[in-house]
Amino acid sequence: TGAVAHELGYPLYAVGGFVRDLLLSQPNFDVDLVVEGDAIRLTQELVRQIGGRLRSHRRFGTAKWILPDELLKAVQPEDNGLLDSLDFVTARTEFYEHPTALPTVERSSIKQDLHRRDFTINTLAVHLNPDCFGQLIDYFGGRQDIDNGKIRILYNLSFVEDPTRILRAIRFEQRYNFKIEPDTLRFAQDAIARRLLRKLSYKRILQELILILNERNPLPALTRMGEIGVWQHILPEVDLDGLNYIRLKRIPIVNGWALEHFYLREIKTWLIYLVIIMENLTAESISAISARYKFDKYIVRVIEEADLARQLAASIDSGDCTENSEIDAGASHFCNETLLYLLLCINSENGWQYATAYLQAKDMVKVEIDGHDLKALGIKPGPVYSKILNELYRMKLNGAITSREEETALVHKFLKEGIF
Ligand code: ATP
């Protein structure tokens, strides 16, 4: 890419999180590329010379290069899907999040582009043109701050301009075990005291909260949000000292189990954290928070299922509810996150065995015969079909029958005995 940019006379840089993590020897497959020139034209040229596809946003001056398969195979033989495209951005002076807040994108130098960023650790760039490949660009002391573990804003009004940066500062600080530098902390606390977070939409705050809750270990960031005084502007209904930290700390373990057993099924880890954070709240507080943050239907559903999941976990623990079909009676409609929350609420070894056995059975068991088969057996179509199929599912879930032949035999038995 550097060579193609060079042909066009465009300086090209890798910037931001990618460079930061490179210096910290942390994996990061999110490569942001900034070009002092027309990003779309550069990407068109890459597609022409090397292949792949282009997706562009002319208004933003950004372009995504979907890498050609041959190149992907060369750089990433295992096809783990971590890197399948590169994002090119034309160097610009404004940082924007919403298209509506966007001033016309003007071309500018890399220095101005880097100056609009949040913290010095995110202002490093690496030259990619062949004549100066690998040269580190460090206008704002980012290298030194990375070496000393400091989170530092670039200008005093940074938090006033964008208060989400307060949450970003905490996220980076806790992720890398850095320290927010004293002046930066003072500016953050000042912005909080002046209630600048009110300037933000709840949607923006939620986005940042989700990023925090998706961190490998979000708990220290929660504590820090309490310490700095930002938590009470985010979820004042929740007392951080009253959270069930044992349950919260078990999330990665239960998630690990889920990853093994629910291969590739999407699970929103942040939502499981949120459910536990909100689990002691009254119904009124929950509806107030849901309305404030405009939670979508799915989030509301998962939060509302939490009570049922806790009750079910208690009966599994107590030995009242142990058979797969009994657990299924309470859990069959639970969202995936609720199923994991159910596991998190289990407190006994036996309970864990019952609940995980159920989840595994649920994942594998499928009734093989269907309405056509029932018709072929001479049963008149009607509500009886779902009764029979449900009963077959129940028996199969409990392991009482395992094959299609056994299903058919059981239907014959139902008919003979006039059960349905
Ligand atoms: P992560 O590792 O969490 O993905 P990142 O820094 O790579 O962190 P992004 O949040 O995607 O991830 O941000 C990309 C770059 O954009 C950052 O390096 C930062 O310089 C800049 N940036 C993002 N949000 C802001 C903001 N609110 N204000 C200023 N700069 C920002």
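Throughout what follows, the structure given in this document is the object of discussion.

When you go through the protein chain residue by residue, the secondary structure sums to 21 helices and 9 strands. Expected size for 420 residues packed as a compact globule is a radius of gyration near 22 Å; at 27 Å, the protein chain overshoots this value by more than 25%. Principal axes of the C-alpha set define a box for the protein chain whose edges measure 85 × 55 × 35 Å. Taken across its 420 residues, the protein chain has 47% of its residues classed as buried. Sequence-distant contacts, at least 24 apart, represent 67% of the contacts inside the protein chain between residues at least 6 apart. Put simply, the protein chain shows about 21,700 Å² of open surface, and 50% of that area lies on carbon and sulfur atoms. If the 51 positive side-chain charges of the protein chain are averaged to one point and the 58 negative ones to another, these points end up 4 Å apart.

Look at helix H8 (residues 164-176) against helix H11 (residues 219-228): their axes get within 9 Å of each other, and the N-to-C directions meet at 135 degrees. Classified by the angle their axes make, H8 and H11 are oblique. The two elements H8 and H11 cross, and the hand of that crossing is right-handed. In this structure, H8 uses Leu167, Ile170, Glu173 and Gln174 to contact H11, whose residues at the interface are Pro220, Ala221, Arg224, Met225 and Ile228. Split into classes, the residues belonging to the contact of H8 with H11 amount to 6 nonpolar, 1 polar and 2 charged.

Arg20, Asp162, Arg165, Arg171 and Arg175 are the nearest of the 15 residues found near the ligand. A distance of 3.2 Å separates a nitrogen atom of the ligand from a polar backbone atom of aspartate 118. In the environment of the ligand, an oxygen atom lies 3.1 Å from a nitrogen or oxygen atom belonging to the side chain of arginine 168. Out of a free accessible area of 600 Å², the ligand has 82% covered by protein chains. Listing elements by their share of the shell around the ligand, those giving two or more residues are helix H2 (17-23) and H8. Residue composition of the shell around the ligand, by class: 2 nonpolar, 4 polar and 9 charged.

Inspection of every chain in the model, using the stated rule, returns 7 aromatic pairs. Seen from their ring centres, phenylalanine 119 and phenylalanine 172 are 6.1 Å apart, and the 80 degrees between their planes marks the pair as edge-to-face. With phenylalanine 119 in the loop between helix H5 (110-115) and strand E6 (125-127) and phenylalanine 172 in helix H8, the pair connects residues that are 53 residues apart, well separated along the chain. Comparing phenylalanine 119 with phenylalanine 172 shows no difference in burial state: the two are buried. With centroids separated by 4.9 Å and ring planes inclined at 75 degrees, the aromatic side chains of tyrosine 202 and tyrosine 293 adopt a geometry described as edge-to-face. Placement of tyrosine 202 in helix H10 (residues 202-213) and of tyrosine 293 in the loop between helix H14 (283-292) and helix H15 (297-318) is noted, with a sequence separation of 91 residues between them. Here tyrosine 202 falls in the partly exposed class, since its relative accessible area comes to 34%. Site record: aromatic cluster; members linked through ring pairs are Phe119, Phe172, Tyr176 and Phe178. The residue whose ring lies beneath arginine 186 is phenylalanine 187, and the NZ or CZ to ring-centre distance is 5.3 Å.

Turning our attention to the pattern of salt bridges. A side chain with one charge can pair with a side chain of the opposite charge if their charged atoms come near. Taken as a whole and assessed by the stated rule, the structure comprises 27 salt bridges. The salt bridge partner of arginine 143 is aspartate 147, with a shortest N-O separation of 3.8 Å. You can see arginine 143 and its partner aspartate 147 sitting in helix H6 (residues 142-148), 4 residues apart, about one turn around the helix. Looking at arginine 143, the relative accessible area reads 35%, which means it is partly exposed. On the basis of relative accessibility, which here comes to 52%, the residue aspartate 147 falls in the exposed class. Taking the shortest distance from any N to any O, the salt bridge between arginine 194 and aspartate 190 comes out at 3.8 Å. Put simply, Arg247, Glu279, Asp307 and Arg310 are held in one network by salt bridges that share partners.

Glancing now at unusual backbone geometry. A positive phi angle is found at serine 25, which is not glycine, with a value near 55 degrees. Structurally, serine 25 can be placed in the loop between H2 and strand E2 (32-35). A positive phi is found at arginine 195, a non-glycine position, where the angle reads about 55 degrees. Looking at where arginine 195 falls in the secondary structure, it is placed in the loop between helix H9 (182-193) and H10.

Attention now goes to helix H17 (residues 336-345). Buried residues dominate H17, accounting for 9 of its 10 residues. Considered for burial, the residues of H17 that qualify are Glu337, Thr338, Leu339, Leu340, Tyr341, Leu342, Leu343, Leu344 and Cys345. Summarising the contacts, the buried residues of H17 are in contact with helix H12 (245-261), helix H13 (269-277), H15, helix H16 (324-331) and helix H18 (349-364).

Definitions and cut-offs
- Residues numbered from 1 in each chain as written.
- Predicted model: local features only at pLDDT ≥ 70, side-chain atom pairs only at ≥ 80, totals over all residues.
- Heavy atoms only, no water.
- Helix = DSSP H or I, 4+ residues; strand = E, 2+ residues; numbered from the N terminus.
- Rg over C-alpha atoms; globule rule 2.2 N^0.38 Å.
- Buried < 20%, exposed > 50% of the residue type's maximum accessible area, 1.4 Å probe, protein only.
- Contact = heavy atoms within 4.5 Å.
- Areas by Shrake-Rupley, 256 points an atom, 1.4 Å probe, with all protein chains shown as cover.
- Lys, Arg positive; Asp, Glu negative; His and termini not counted.
- Charge placed at Lys NZ, Arg CZ, Asp CG, Glu CD.
- Axes fitted to C-alpha atoms, helices over the stretch in contact; angles between N-to-C directions.
- Parallel < 35°, antiparallel > 145°, perpendicular 65-115°, else oblique.
- Left-handed = near helix turned anticlockwise from the far one by under 90°.
- Nonpolar A, V, L, I, M, F, W, Y, C, P; charged D, E, K, R; others polar.
- Near = heavy atom within 4 Å.
- Polar contact = N/O pair within 3.5 Å; in protein donor to acceptor, adjacent residues only side chain to side chain.
- Phe/Tyr/Trp six-rings, centres within 6.5 Å; stacked < 30°, edge-to-face > 60°.
- Lys NZ or Arg CZ within 6 Å of the ring centre and 35° of its normal.
- Salt bridge = Lys/Arg side-chain N within 4 Å of Asp/Glu carboxyl O.

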